[in-house]
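Given next are the chains, with one letter for each unit.
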Amino acid sequence: MTPEFIDRIDAVSPEDWDRLCPSDYPFTRHAFLAALEDSGSVGADTGWQPQHLLFRDDQGELRAAMPVYRKDHSYGEYVFDWGWAQAYAEHGLDYYPKLISAIPFTPCTGPRLLAAGQEAQYWPAAIAALQQQTRTLGASGWHCLFPDETQAEALRSAGLAERTGCQFHWINRQYRDFDDFLGQLSSRKRKNLRKERRQVADQGFHFQWKVGADIQDEDWTLFYGLYQLTYLKRSGHGGYLTPAFFRQLGERMPEQTLMVQARLGEEAIAAALFLFDRTTLYGRYWGCRAEFEFLHFETCYYQGLDFVLERGLARFDGGAQGEHKLARGFEPRLTTSFHQLMEPAFQEAVEHFVARERAEVLGYRDAARAHLPYRKTDRQ
């Protein structure tokens, strides 16, 4: 099969692309990736230029695909390689462009090579195609971010440099409800969580869950305003995503979209946006009009836990970073990324760096476990 690189996902029909997806994981669905492109959230002007990899058979039928981007910077990836770029610059070399297989602005582990359960047979060809495209574009290398464990093993076996990270996820151990979960915590931690939720309620807040078609146009207008305001406060810019992205997400993936609004009377003060599939809730975006004590935790975490428990989901992926999640029962989980730089000396240096870094991350993971609020701290 001959590899093909395309610069827009709409060159493939949603039906053909989604047929390759091994599950209902939302972030590799055609609808999600197309919403990013069609809304202008990714594209040449943003430094995320699509270079999606396809494999077709002799009859022209799509057999495998991978979301790939030509990057002119390292923003929005959540695997930080600014030091590598600086080292290139200090040696008079260009680190950008680079190729990455990743979901823009989305540090969520999942499949990257899509082949309807036959991914293993396509990895050698995919790696060879990505190496050749890296050379063709004059890129410094290619990177695969947050692959699931099965695909990570294929990349590991191919000899790529493996980088380890740590996130915090909440695991549903068949809890009946929130009180059942609280019953597994130490007495002091249990009291703290109850106190936080009570203080939000005592401030007069009530919460609305809106799923799919319940999210109206005015809700998206409200949410984008809150999202942009919060980004401006934290980083000085209005966020990577455009208003059109959120609306298109609601139109194209309503069955996997949850908005939680925090209200005082009729006024929405804050909102959180989640995506979900059959097993997992993914906390993604948040915004608030004003700061209130514990409102962020209630809107982004406790309401999400309530949703997970009501739907019987297995896991809550709260996104990158956030040691504050530990006290709320989120457990450290390792993540991986894989890297191949075309300059042999830099590739060797990166291999040494990620090996040293992995030891530090494992130590951090183990130390984090000691701070879990459970009565028994043998969580894996």
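Residues numbered from 1 in each chain as written. Predicted model: local features only at pLDDT ≥ 70, side-chain atom pairs only at ≥ 80, totals over all residues. Heavy atoms only, no water.

**Here we look at the overall build of the protein chain**
For the record, the criterion: The secondary structure listing takes helices from DSSP runs of H or I that are at least 4 residues long and strands from runs of E that are at least 2 residues long, numbered from the N terminus. Radius of gyration: over C-alpha atoms. The globule rule applied is 2.2 Å multiplied by the number of residues raised to the 0.38 power. Working definition of accessibility: Shrake-Rupley area with a 1.4 Å probe, residue cover restricted to the visible protein chains. In summary, the charge assignment counts Lys and Arg as positive and Asp and Glu as negative, without counting His or the chain termini. For this purpose, a charge sits on NZ of Lys, CZ of Arg, CG of Asp or CD of Glu.
A count of helical and extended segments in the protein chain gives 11 helices and 14 strands. Taken over the C-alpha trace, the protein chain has a radius of gyration of 21 Å; the compact-globule value for 380 residues is 21 Å, and the two agree within 12%. Each principal axis of the C-alpha distribution contributes one length, and for the protein chain these read about 60 × 45 × 40 Å. Surface exposure of the protein chain reaches about 16,300 Å², of which carbon and sulfur atoms provide 48%. Side chains of the protein chain give 43 positive and 52 negative charges; the mean places of these two sets differ by 8 Å.

**Focus on helix H5 (residues 149-157)**
Worth spelling out the cut-off: Remark: exposure states derive from per-residue accessible area (1.4 Å probe, protein chains only) relative to the maximum for the residue type, with buried under 20%, exposed over 50%, and partly exposed in between. Here the arc refers to the directions that run from the helix axis out to each C-beta atom.
All buried positions along H5 are accounted for by Gln-151, Ala-152 and Leu-155. The arc that holds the buried residues of H5, viewed along the axis, is 105°, so those residues lie on one side. Exposed residues lying more than 90 degrees from the buried face of H5 are Thr-150 and Ser-157. A positive backbone phi angle near 90° is found at Gly-159, which sits one or two residues after H5.

**So, the packing of helix H8 (residues 217-235) against helix H9 (residues 243-252)**
Applicable threshold: Whenever a helix is involved, its axis is fitted only over the stretch in contact; in every case the axis is a line through C-alpha atoms, and angles between N-to-C directions fall within 0 to 180 degrees. Orientation labels follow simple angle bins: below 35 degrees gives roughly parallel, above 145 gives roughly antiparallel, 65 to 115 gives roughly perpendicular, and whatever is left gives oblique. Definitions for this section: a left-handed crossing has its near helix turned counterclockwise from the far helix by less than a right angle. A right-handed crossing has that turn clockwise. Two residues qualify as a contact provided that any one of their heavy atoms is within 4.5 Å of a heavy atom in the partner residue. Gly is placed with the polar residues, together with every amino acid not listed as nonpolar (Ala, Val, Leu, Ile, Met, Phe, Trp, Tyr, Cys and Pro) or charged (Asp, Glu, Lys and Arg).
Taken N-terminus to C-terminus, the directions of H8 and H9 make an angle of 140°; their axes are 10 Å apart at the nearest point. As the angle between them shows, H8 and H9 are arranged oblique. Both H8 and H9 take part in a crossing whose hand is right-handed. Along its contact with H8, which presents Asp-217, Trp-220, Thr-221, Phe-223, Tyr-224 and Tyr-227, the element H9 presents Pro-243, Phe-246, Arg-247 and Gly-250. Looking at the contact of H8 with H9 residue by residue, the class counts come to 6 nonpolar, 2 polar and 2 charged.

**Some points on the sheet that holds strand S4 (residues 62-66)**
The test is simple: Any two strands with at least two DSSP bridges between them are considered paired.
Strand order in this open sheet of 3 strands is S1-S3-S4, and the pairing throughout is antiparallel. Every interior strand has two partners, whereas the edge strands, strand S1 (3-6) and S4, have only one. Pairs of neighbouring strands in the sheet enclose a mean axial angle of 25°, with direction left out of account. In this structure, strand S3 (residues 52-56) lies alongside S4, joined through 4 bridges in antiparallel fashion.

**Some words on the packing of aromatic side chains**
Formally: In this scheme Phe, Tyr and Trp rings, the latter by its six-membered ring, pair at centre separations within 6.5 Å, and the angle between planes marks the pair as stacked below 30 degrees, edge-to-face above 60, and tilted otherwise. A ring is considered to have a charge above it if a Lys NZ or an Arg CZ atom is located within 6 Å of its centre and within 35 degrees of its normal.
Going through the model one piece at a time under the given rule, you end up with 40 aromatic pairs. Ring plane angle 75° and centroid distance 5.4 Å describe the contact between Tyr-25 and Phe-27, whose orientation is recorded as edge-to-face. The burial state of Tyr-25 is the same as that of Phe-27; both residues are buried. Between the aromatic rings of Tyr-95 and Tyr-96, the centroid separation amounts to 5.1 Å while the plane-to-plane angle is 80°, which identifies the pairing as edge-to-face. Residue classification places Tyr-96 among the partly exposed residues on the basis of a relative accessible area of 24%. The ring of Trp-48 has Lys-71 sitting right over it, with the charged end atom 3.9 Å from the ring centre. Of note, Arg-284 hangs over the ring of Tyr-285, and the distance from its end group to the ring centre comes to 5.3 Å.

**Let's talk about the side chain of Ser-140**
Here Ser-140 is to be found in the loop between helix H4 (119-137) and strand S7 (141-145). Excluding residues that lie within four positions of it along the chain, Ser-140 makes contacts with Tyr-88, Asp-94, Tyr-95, Pro-97, Lys-98, Thr-134, Gln-340, Leu-341 and Met-342.

**Some points on helix H11 (residues 344-369)**
Put simply, the rule reads: Each helix should span, by expectation, one fewer than its residue count multiplied by 1.5 Å.
Here H11 is 26 residues long and its end C-alpha atoms lie 37 Å apart, about the 38 Å a rise of 1.5 Å per residue gives. Within H11, burial applies to Phe-346, Gln-347, Val-350, Val-354, Glu-357, Val-361, Arg-365, Ala-368 and Arg-369. Residues of H11 that are buried make contact with helix H3 (82-90), strand S8 (161-171) and strand S14 (331-341).

**Overview of the pattern of salt bridges**
Our working rule: Salt bridges are identified by distance alone: a Lys or Arg side-chain nitrogen within 4 Å of an Asp or Glu carboxyl oxygen.
For the coordinates displayed, the defined rule picks out 27 salt bridges. Ionic pairing is found between Arg-278 and Asp-24, a salt bridge with its closest N-O pair at 3.5 Å. One end of the pair, Arg-278, is in the loop between strand S11 (267-276) and strand S12 (280-288); the other, Asp-24, is in the loop between helix H1 (14-19) and helix H2 (30-38), with 254 residues separating them in the sequence. For Arg-278, a relative accessible area of 66% gives the class exposed. A salt bridge links Arg-70 to Asp-72; the nearest nitrogen and oxygen atoms lie 2.8 Å apart. Residue Arg-70 is classed as partly exposed on the basis of its relative accessible area of 25%. With relative accessibility at 35%, the residue Asp-72 sits in the partly exposed group. What emerges from the salt-bridge pattern is a single network uniting Arg-19, Asp-57, Glu-61 and Arg-63.

**Examining the state of the cysteines**
Quick reminder of the rule: Criterion for a disulfide: a pair of cysteine sulfur atoms at a distance within 2.5 Å.
In the structure shown here, the tally under the stated rule is 0 disulfides. Cys-300 provides the cysteine sulfur closest to Cys-108, a residue in no disulfide bond, and the two sulfurs are 14 Å apart. Of all cysteine sulfurs in the structure, the one in Cys-108 sits closest to Cys-166, which takes part in no disulfide; the separation is 15 Å. Residue classification places Cys-166 among the buried positions, given a relative accessible area of 18%.

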